[in-house]
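Remarks on the overall topology
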Amino acid sequence: MKILLVEDDAVTRDYVCSGLIGAGHGVDSVEDGIDGLALALRGGHDAIILDRMLPGMDGLAILKAMRAADLSTPVLFLTAVGGLDDRVEGLEAGADDYLAKPFAFSELAARLAAIARRPSLVSEQTKLVVADLELDLIRRTANRAGQQIDLLPKEFALLEYLMRSEGRVLSRTMLLEHVWDFHFDPQTSVVETHISRLRAKIDRPFDSHLLYTVKNIGYSLRAPD
């Protein structure tokens, strides 16, 4: 592969370059964020290894500029900043993976190969929105009209399936298969119970309803008419 490495620490940069070249990859390496963005926007790389803290322009700003320019090259953040909030921020900005220092080159190589094989997260949804209802798939949170909604895991999974299928009518059987992984009817009211709980949380406290029952068919989530 042709790899772009943007890393300001000389020891780390030489270590990663040596390993990549030894594995048969071509490498462009720079230590400055502005130069890194210029090379990234030029294109032609199969993957980018990007340090978070850089002189000139930090890695997160580089990533946001790349994605704003519709550049979907897979990006691996390689950085000493490894807290949960930082990882989430990087992934939400469009990073494909996150590796904190110190690291083993073998793990870096494996992660790099993996992100090069799969579609970049920039093409995947990280948030679902229907009217004023928003579901954050990374933080696993929900809110409507800016009001936080606390959901249990199955309620979250049910709402996610309904929102991904916005406007479609989903039968009880479809919900059992996709949310509970039941390929038979358990002869219980599990679907109806969870729909009722979900409706109490996302509809009843608000002026307009989003979750509808279609008699004898199933359920549908859609924006108000």
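Residues numbered from 1 in each chain as written. Predicted model: local features only at pLDDT ≥ 70, side-chain atom pairs only at ≥ 80, totals over all residues. Heavy atoms only, no water.

**Digging into the packing of aromatic side chains**
Heads up, the rule is: Any two rings among Phe, Tyr and Trp, with Trp reduced to its six-membered ring, count as a pair given centres within 6.5 Å; such a pair is stacked if its planes are under 30 degrees apart, edge-to-face if over 60, and tilted if neither. Both a distance and an angle decide whether a charge sits over a ring: NZ of Lys or CZ of Arg must be within 6 Å of the ring centre and within 35 degrees of the ring normal.
Scanning the entire structure with this criterion turns up 3 aromatic pairs. Taken together, the ring pairs connect Y15, F103 and F105 into an aromatic cluster. For the cation-ring pair, R52 lies above F77, with the distance from its terminal atom to the ring centre recorded as 6.0 Å. One cation-aromatic arrangement involves R222 over Y212; the distance from NZ or CZ to the ring centre is 3.9 Å.

**Looking at the packing of helix 6 (residues 153–164) against helix 8 (residues 190–202)**
For the record, the criterion: Note on definitions: angles span 0 to 180 degrees between N-to-C directions of axes, and those axes are lines fitted to C-alpha atoms, for helices only across the stretch in contact. Helix numbering and strand numbering both begin at the N terminus, where a helix is a DSSP run of H or I of at least 4 residues and a strand a DSSP run of E of at least 2. Just so you know how the angles are binned, under 35 degrees is roughly parallel, over 145 roughly antiparallel, 65 to 115 roughly perpendicular, and the rest oblique. When checking whether two residues touch, look at their non-hydrogen atoms; a contact exists if any pair is within 4.5 Å. Charged means Asp, Glu, Lys or Arg here, nonpolar means Ala, Val, Leu, Ile, Met, Phe, Trp, Tyr, Cys or Pro, and polar covers whatever is left, Gly included.
With their axes 10 Å apart at the nearest point, helix 6 and helix 8 run at an angle of 80° to one another. As the angle between them shows, helix 6 and helix 8 are arranged roughly perpendicular. Across the interface between the two elements, K154, E155, L158, L159 and L162 of helix 6 pack against H194, I195, R197, L198, K201 and I202 of helix 8. The residue inventory of the contact of helix 6 with helix 8, partitioned by class, reads 6 nonpolar, 1 polar and 4 charged.

**With respect to the pairing of strand 6 (residues 127–130)**
In regular strands, side chains alternate between the two faces of the sheet. Cut-off, in case you're wondering: For the exposure calls, accessible area comes from a 1.4 Å probe over protein chains only, and a residue counts as buried if that area is under 20% of its type's maximum, exposed if over 50%, partly exposed in between. Two strands qualify as a pair provided DSSP detects at least 2 bridges between them.
Burial along strand 6 is one-sided: the face carrying L128 and V130 is buried and the face carrying K127 and V129 is not. Direction of pairing for strand 6 relative to strand 7 (residues 133–136): antiparallel, over a ladder of 4 bridges. In the sheet register, K127 faces strand 7, and the bridge partner there is D136. Taking the residues that link successive antiparallel strands as the turn, the strand 6-strand 7 hairpin has 2 residues, and the phi of A131 there is positive, at about 55°.

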